[in-house]
Amino acid sequence: MTSGLGQIVIVNGTSGSGKSTTCELFQRRAQDYWLLYGIDHFTANTLPAQFGHHGPRAREGIYAHPVDEADPGGPLRWSFGSEGVKAFATLHEWLAAASRQGCNVVFDHLLLTQTPVLADCVWRLEGLPVLLVTLKPPFEVLERRVAERRMDKKIPTDILGEDAARKIIDRLTRLRPWFYEAVYANEVADLTIDSDRHTPEEVCAMIEARLAEGPGTAFAELRRRYPRA
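About the thresholds
- Residues numbered from 1 in each chain as written.
- Predicted model: local features only at pLDDT ≥ 70, side-chain atom pairs only at ≥ 80, totals over all residues.
- Heavy atoms only, no water.
- Helix = DSSP H or I, 4+ residues; strand = E, 2+ residues; numbered from the N terminus.
- Buried < 20%, exposed > 50% of the residue type's maximum accessible area, 1.4 Å probe, protein only.
- Lys, Arg positive; Asp, Glu negative; His and termini not counted.
- Salt bridge = Lys/Arg side-chain N within 4 Å of Asp/Glu carboxyl O.
- Contact = heavy atoms within 4.5 Å.
- Phe/Tyr/Trp six-rings, centres within 6.5 Å; stacked < 30°, edge-to-face > 60°.
- Pairing = 2+ DSSP bridges.
- Axes fitted to C-alpha atoms, helices over the stretch in contact; angles between N-to-C directions.

Novice: Looking at this structure, how should I read the side chain of Asp108?
Specialist: Within the secondary structure layout, Asp108 lies in strand β5 (residues 104-109). Buried Asp108, no salt bridge; nearest opposite-charge side chain is Lys19, N-O distance 4.6 Å. Every residue in contact with Asp108, bar those within four places of it in the chain, is listed here: Val11, Lys19, Ser20, Cys23, Tyr37, Gly38, Ile39 and Asp40.

What follows is the structure, given as structure tokens:
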């Protein structure tokens, strides 16, 4: 680790991959000081709901639209408006600032290749110690895990409408194939783990063991693959 800088561990994966569970357990197991944050908290609680991909001003923030415009009822993908681009740039600057203050951070993320997210993240964290972990269970495992979940988040129906829960479930279902493709198109990581074959405790132990070996190199390789815009 570079002297004076906090270690960043990014746990990347789609919904159902176990990234939030892994990050929470990793923090609880740690003997030293680790901050914990994540993409779900950021999109659900930090971004204003009206600019999120379920909101009325989504096209200025993060919006879901058909992968094939000729098939409006088919699979969806994310695109970003100007506010969404700024929001993710700010998120990555927060991560960088925490490391520069000497704080370790474990963060669950969606490093999407078909948006500005992945490239923006690797460049804003340049010069900082980052370990990139990708959790990749089989797609059918993700489908099963997500189907078994219950929606227990408070939904701002005053902004999104009374039928928001139904619309959100439908939209997320139609987004899932694209999320899988956009997250896992990048094969570069310091660790890639099938979280269907390993328990969260085993995953955390693998991350701890890799950290003990020295700095991650995945972000340096990704900067070579994604030149600065």
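Novice: Would you mind going over the packing of aromatic side chains with me for this structure?
Specialist: Given two aromatic rings, their pairing is described by the distance between the two centres and the angle made by the two planes. All told, the structure shown has 10 aromatic pairs when counted by the stated rule. Considering the side-chain rings of Phe42 and Trp94, the 6.3 Å spacing of their centres and the 90° angle between planes classify their relative orientation as edge-to-face. With Phe42 in helix α2 (residues 39-46) and Trp94 in helix α3 (residues 82-100), the pair connects residues that are 52 residues apart, well separated along the chain. According to the relative accessible area criterion, Phe42 is buried, its value standing at 2%. A residue is classified by how much of its surface remains accessible, and Trp94, at 44% relative accessible area, is partly exposed. A ring pair is formed by Tyr180 and Tyr184, whose centres lie 4.8 Å apart and whose planes are at 70°; its orientation type is edge-to-face. Of this pair, Tyr180 and Tyr184 are both found in helix α7 (residues 164-184), 4 residues apart, which corresponds to roughly one turn of the helix. No difference in accessibility class separates Tyr180 from Tyr184, as the two residues are buried. Three or more aromatic residues joined by ring pairs form one cluster here, namely Phe42, Trp78, Phe80, Phe88, Trp94, Trp178 and Phe179.

Novice: How should I be thinking about the pattern of salt bridges in this particular structure?
Specialist: Here the idea is simple: oppositely charged side chains can pair when their charged atoms come close. Evaluated as defined, the whole model comprises 11 salt bridges. In this structure, Arg210 engages Asp190 in a salt bridge whose closest nitrogen and oxygen atoms are separated by 3.9 Å. With Arg210 in helix α8 (residues 200-213) and Asp190 in the loop between α7 and β7 (191-193), this residue pair connects regions lying 20 residues apart in the sequence. Per residue, the accessibility class of Arg210 equals that of Asp190, and both read buried. One network of salt bridges, with partners in common, ties together Glu187, Glu221, Arg224 and Arg225.

Novice: Would you mind going over the sheet that holds β5 with me for this structure?
Specialist: The strands making up a sheet are joined through hydrogen bonds of the backbone, oriented either antiparallel or parallel. In space, the 5 strands of this open sheet follow the order β2-β5-β1-β6-β7, with parallel pairing throughout. Either end of the sheet is taken by a strand with one partner, and the two such strands are β2 (34-38) and β7. Adjacent strand axes in the sheet meet at a mean angle of 15°, parallel and antiparallel pairs treated alike. Two elements, strand β1 (residues 8-12) and β5, share 5 bridges in a ladder whose sense is parallel. Of the residues in β5, the one forming a bridge with Val11 is Asp108. In the packing of α2 onto the sheet, contacts are made with β2 and β5, and the angle to β2 comes to roughly 60°.

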